[in-house]
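Coordinates in review
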Amino acid sequence: MNGASRIVAVLGPTNTGKTHYAIERMLGHRTGVIGLPLRLLAREVYDKIVAIRGPSVVALVTGEERIVPPRTQYWVCTVEAMPEGMGTDFVAIDEIQLCADPERGHVFTDRLLRMRGTHETLFLGADTMRGPIAALVPQAQFARRERMSQLVYTGSRKISRMPPRSAIVGFSVENVYAIAELLRRQKGGAAVVMGALSPRTRNAQVELYQNGEVDYLVATDAIGMGLNLDVNHVAFSSLSKFDGRRMRPLAPNELAQIAGRAGRGMSDGTFGVTGEASPLDEGVAQAIMDSRFTPMKKLNWRNAALRFGSVDALIDSLEASPDNEHLVKARPADDLNALKSLAQVPEVAARASDGPSIRLLWDVCRIPDFRGISHAEHASLLESIFGHLHERGTIPEDFLARQIRRIDRTDGDIDALSKRLAYIRTWTYVAQRNGWVRDESHWRAETRAVEDRVSDALHERLTQRFVDRRTSVLLRRLKQKEALLAEVNDKGEVTVEGEFVGRLEGFRFIPDKSAQGTEAKALKSASLQALAPQFHLRADRFYNAPDTEIDFTDQGGLMWGEYAVGKLVAGAEPLKPMVEVFVDEAAGPEVEQKVQRRLQHFIDRKIAALFEPLLNLSRDEELTGLAKGFAFRMVEALGILPRAGVAQEVKDLDQDARGALRKHGIRFGQFTIFMPLLLKPAPTRLRLVLWALANGLQEFPEAPPPGLVTVPVAKGAPEGYDTMCGYRNAGERSIRIDMLERLADMLRAEDSRGGFEAKADMLSITGMTLEQFADLMQGLGYKAERGERTKIKPAQPTEQPPAATAEAQAETAEAPAETAEAEAQSDVAVATEAPAEATAADPAWDEPEVEVFYTFTWGRQANRGPRGDQRQGRGKPGGKPRDGRGKPQGKKGGKPQGAKTFSSRPPKKEKAIDPDNPFAAALMGLKDGN
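Note that the coordinates shown come from a computational prediction; the quantities given were computed from them, not determined experimentally. (Residues numbered from 1 in each chain as written. Predicted model: local features only at pLDDT ≥ 70, side-chain atom pairs only at ≥ 80, totals over all residues. Heavy atoms only, no water.)

Now for the overall build of the protein. In terms of regular secondary structure, the protein is built from 31 helices and 34 strands. The proportion of buried residues among the 930 residues of the protein is 48%. Taking as baseline every contact in the protein between residues at least 6 positions apart, the subset at least 24 positions apart corresponds to 69%. When the accessible surface of the protein is totalled, it reaches about 44,900 Å², and 50% of it is carbon and sulfur. (Helix = DSSP H or I, 4+ residues; strand = E, 2+ residues; numbered from the N terminus. Buried < 20%, exposed > 50% of the residue type's maximum accessible area, 1.4 Å probe, protein only. Contact = heavy atoms within 4.5 Å. Areas by Shrake-Rupley, 256 points an atom, 1.4 Å probe, with all protein chains shown as cover.)

Here it is as structure tokens:
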């Protein structure tokens, strides 16, 4: 080394122009080399020097990139890739404070101790390095440079309030992506810069930021390593990072290195925190502003005098301890860990038997673990590469081609492309090593081309995911108060400046769901400007639309085609609901009134059509007295009244009143008074909506599927729901009220006091199994006693009884027709009642066959039974038994005792017997008997 060589440590905070000064000094010499901490920064400096001196004299050497022209004078390298022993006039090491880095510090320390220019050597970095440099390099001179602009702490600030031209710093990929996604939704997007990106991807992302397409940058601490960006504010989303072994808080000098990216040249900058990061301690914040930090005392060191006599000797030399108090042994790096792992592999140990082989093994172990999958997988890959190089001298081209071919794909998401980029970096590094591949120029070009393709695809995915060009344009135009061009097509799709922003659904603008916060406000404000004329055109078309285009939902919504345009609300009467419309305020009152009138016309006509019998009943002026009052009750109940609730009113109606009501289709059933026409599916669906509105329900229950005779009882349904559906709850199932009346007709012929069994017709009309029928009967008030008996075998096969009796069939004119599903249920029920007979060939033919049966008796007290009420003696414990006609019988074995009547008044005129009374036949029998 020339004794006149000058060594200078240029120290100071960020934004002092240290790197720019080093470039000027290097270009003042004939040859020079500069070592930089990042591949990204090396590419940036390379591009600057090429712009000044041209590409023919400038080399770029990193682990994955090697551009070396024949007439190279200036070498731009990453610190790890700096060539040794070249004897250049000038040497510079940037960010020299990284000597204290636990991962890479030993490399920087080695350059500090051993790398020199023949005429000039510069060490560039933080002022905290003054002590160690003075101790380790006594001949070094010091030059302090002051920051060219002020750096001010502004405290904590939400991301939504982050000023433009800000960089938000995260310390993990997940954190960076989450912040970028938030900025996309609220601010229109962000560029993403991470150390793992290729220079091509990083430059493309930075270009988005630098040209103003986005105002925000999300980055890892990679931006702290000298990357020159137009940043006004730096915000930390976290104050701790994972250093490869553990989470640790960032030291003040590390925070300052990153915060110093704010403010370039003479422009002042600010820094602060955001997200979950707690505000900085006042002392720390002031230290960063004043660039006052605790001086470094120990630098990481690893022995550079390696011994290659054996693998163990190499490991021992790498693990040697320093003999200087300012140096501390570096923790084992990835390359040393890989060497130790491979040394345990017998085949590798056998191959590494001499100096050249051991040197080759060490060179292979120094391949960085770009993939970061696991230590074992990385070691396995290195073992394969070492085997090929030791056996053949080069890596086989077919093997290399297969590895690259698997990576050469541009499909997939950001994570998939990032992994491929990490994988190709391994083979790019391998191709850059002299002598490792047969056709170096081909494989270097091939790996570079694949890296470029994957890099471009990654940039595209990052932009797609984290940059919303639409919002960026809108926010910029609104900020500049420019008029926005908005359009609405015939499908209701709204575009602003050619970008889709939402759609017009009915009479409401629905912004694009991906828009939130500031973006959503901007979209809505811009879109509504174009919608005023469209609202009026739509209102005219809607007002003239036929009723077939409008419908109501089970929840009371009003639909125009597929769009909700309003909803029903309770009116003064159940049959007179009101309408609330869904119309944007921007449409104006005229549009709102027109939509409201059309919807009110629709629902009024719908009620008039489906409830015509009920409305005719309410308008019948010939009804008087009790009949008029009962008609009011029917209208109020929407056409269905449980008889038990109006028993007295029914009793008070004379035959003329009943006849007048029957003319309107009212049927006086044993369990329910109803209008059969209103049991059809369409009136039932609307009745439930009107009933739910009148009762103020928050959630409207839906009607059962149409056509079923019985349905499961709806658990938790509001009281009266089964009645409004046209059903009656009985046990675990509800039975349709018209079919229940048919069942009641059958039950009248049975002896409900002495007990009876279910007939096939009963099971048939209900569509139930015997067990289900028993539960139904108990729900109706009967007792069901289960029994078993030996089945009497028929002398010969008999035909299955018909599915329904003539009596039930005669009822169909008054009740809705049953569906095929109900008939199928009936067949199942009958089959359950009477199992198939065994054939003669069946070995069990001679064994007694047991069948289950139920005996039903009336079980309620002081209630009307299926054949009468208390006056007829049903269900009254201790009452006298009655004969089949309902007359009282004497004691067992005695003669029937007639009742004697004495009266001093003339006999009353008998009240006419109601022919609809379920006990009319019995009463007529009594009358005839007298």
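Running from N to C, helix α15 (residues 414-432) and helix α16 (residues 440-466) point in directions that differ by 160°, and their axes come no closer than 9 Å. One way to sum up the angle between α15 and α16 is to call them roughly antiparallel. For the pair α15 and α16, the sense of crossing is left-handed. Across the contact of α15 with α16, the residue classes break down as 13 nonpolar, 5 polar and 6 charged. (Axes fitted to C-alpha atoms, helices over the stretch in contact; angles between N-to-C directions. Parallel < 35°, antiparallel > 145°, perpendicular 65-115°, else oblique. Left-handed = near helix turned anticlockwise from the far one by under 90°. Nonpolar A, V, L, I, M, F, W, Y, C, P; charged D, E, K, R; others polar.)

Extensive coverage of strand β7 (residues 120-125) is indicated by the burial of 6 of its 6 residues. The two faces of β7 match: Glu 120, Leu 122 and Leu 124 on one face and Thr 121, Phe 123 and Gly 125 on the other face are all buried. Bridging between strand β1 (residues 6-11) and β7 involves 6 bridges; their strand directions are parallel. Paired with Arg 6 across the two strands is Glu 120, which belongs to β7. Two elements, strand β6 (residues 90-93) and β7, share 4 bridges in a ladder whose sense is parallel. Residue pairing across strands places Ile 93 opposite Phe 123, the latter belonging to β7. (Pairing = 2+ DSSP bridges.)

For the rest of this paragraph, the subject is unusual backbone geometry. The phi torsion at Glu 95 lies on the positive side, around 55°, for a residue other than glycine. Checked against the element boundaries, Glu 95 lands in the loop between β6 and α3 (105-114). Exposure remark for Glu 95: the relative accessible area of 7% places this residue in the buried category. Its identity as a non-glycine residue notwithstanding, Leu 638 has a phi of 60°, on the positive side. A relative accessible area of 2% means that Leu 638 is categorised as buried.

A few words on the pattern of salt bridges. Summed over the entire model, instances satisfying the criterion amount to 52 salt bridges. A salt bridge links Asp 110 to Arg 111, with the nearest nitrogen and oxygen atoms 2.7 Å apart. For Glu 254, the salt bridge identified is with Arg 248, shortest N-O distance 2.8 Å. Judged by its relative accessible area of 24%, Glu 254 falls in the partly exposed class. Within this structure, Arg 39, Arg 43, Asp 47, Glu 64, Glu 65, Arg 200, Arg 425, Arg 448, Glu 451, Asp 452 and Asp 456 form a network of salt bridges that share partners. (Salt bridge = Lys/Arg side-chain N within 4 Å of Asp/Glu carboxyl O.)

Look at helix α5 (residues 173-187): 20 Å from first C-alpha to last across 15 residues, which is about the 21 Å you get at 1.5 Å a residue. When we look at burial in α5, the residues that qualify are Val 176, Tyr 177, Ile 179, Ala 180, Leu 183 and Arg 184. One face of α5 carries all of its buried residues, which in axial projection span an arc of 165°. Of the residues trailing α5, Gly 188 is marked for its positive phi of about 95°. (Expected span 1.5 Å × (residues − 1). Arc of directions from axis to C-beta.)

Under the criterion given, the structure shown has 13 aromatic pairs. Note on Tyr 854 and Phe 856: the rings are 6.3 Å apart at their centroids and 20° apart in plane angle, and the pair reads as stacked. The residues Tyr 854 and Phe 856 share a single accessibility class, namely buried. By the ring-pair criterion, three or more aromatic residues cluster together here, those being Phe 756, Phe 773, Tyr 782, Tyr 854, Phe 856 and Trp 858. The lysine or arginine in question, Arg 433, covers the ring of Trp 436, its NZ or CZ lying 5.2 Å from the ring centre. (Phe/Tyr/Trp six-rings, centres within 6.5 Å; stacked < 30°, edge-to-face > 60°. Lys NZ or Arg CZ within 6 Å of the ring centre and 35° of its normal.)

The next thing to look at is the pairing of strand β3 (residues 58-61). Alternating residues of β3 divide into Val 58 and Leu 60 and Ala 59 and Val 61, and every residue in both groups is buried. Where β3 lies against strand β5 (residues 74-78), 4 bridges are found, and the strand directions are parallel. If you follow Val 58 over to β5, its bridge partner there is Tyr 74. Here 2 bridges tie β3 to strand β4 (residues 66-67), and the two strands are oriented antiparallel to one another. Bridge pairing in β4 places Leu 60 opposite Ile 67. Taking the residues between adjacent antiparallel strands as the criterion, β3 and β4 are bridged by 4 residues.

Okay, the environment of Asp 94 next. Inspection of the secondary structure puts Asp 94 in the loop between β6 and α3. Its relative accessible area of 2% is what places Asp 94 among the buried residues. C-alpha of Asp 94 to C-alpha of Ile 34: the two residues are 60 residues apart in sequence and 7.5 Å apart in space. If near-sequence neighbours (up to four positions away) are discounted, Asp 94 is found in contact with Thr 19, Gly 35, Leu 36, Pro 37, Leu 41, Phe 108 and Leu 124. Engagement of the side chain of Asp 94 in a polar contact is seen with the side chain of Thr 19, the distance being 3.1 Å. (Polar contact = N/O pair within 3.5 Å; in protein donor to acceptor, adjacent residues only side chain to side chain.)

Core analysis: the biggest nonpolar cluster contains 66 residues, and Phe 507, Leu 575, Leu 599, Phe 611, Leu 617, Phe 630 and Leu 661 have the highest contact counts within it. Beyond its immediate sequence surroundings of up to four residues, Phe 507 is in contact with Phe 535, Arg 538, Ala 539, Phe 542, Trp 560, Val 565, Phe 582, Val 583, Asp 584, Val 591 and Val 595. Residues Ala 190, Val 192, Phe 370 and Val 454 belong to the second largest nonpolar core, which totals 62 residues. (Core = buried A, V, L, I, M, F, W, Y, C linked by side-chain atoms within 4.5 Å.)

Let us now look at the confidence of the model for the protein. On average, the protein scores 83 in pLDDT, and the residues at 70 or more come to 83%. Scored below 50 in pLDDT, residues 925-930 shows 7 contacts in the model against residues more than four places distant or in partner chains. (pLDDT = per-residue confidence, 0-100.)

The sheet built from 4 strands is open, its strands ordered β23-β24-β25-β26 with antiparallel pairing. Across the chains shown, the open sheet's two edge strands, defined by having one partner strand only, are β23 (550-552) and β26 (578-581). Adjacent strand axes in the sheet meet at a mean angle of 30° when their direction is disregarded. In terms of strand pairing, strand β25 (residues 563-569) meets β26 through 4 bridges, oriented antiparallel. The partner of Val 569 across the bridge, within β26, is Met 578. The strands touched by helix α19 (residues 589-610) within the sheet are β23, β24 (557-560), β25 and β26, with β26 carrying the most contacts at an inclination of about 145°. Across the face of the sheet, helix α24 (residues 681-694) comes into contact with β23 and β25 while running at roughly 60° to β23.

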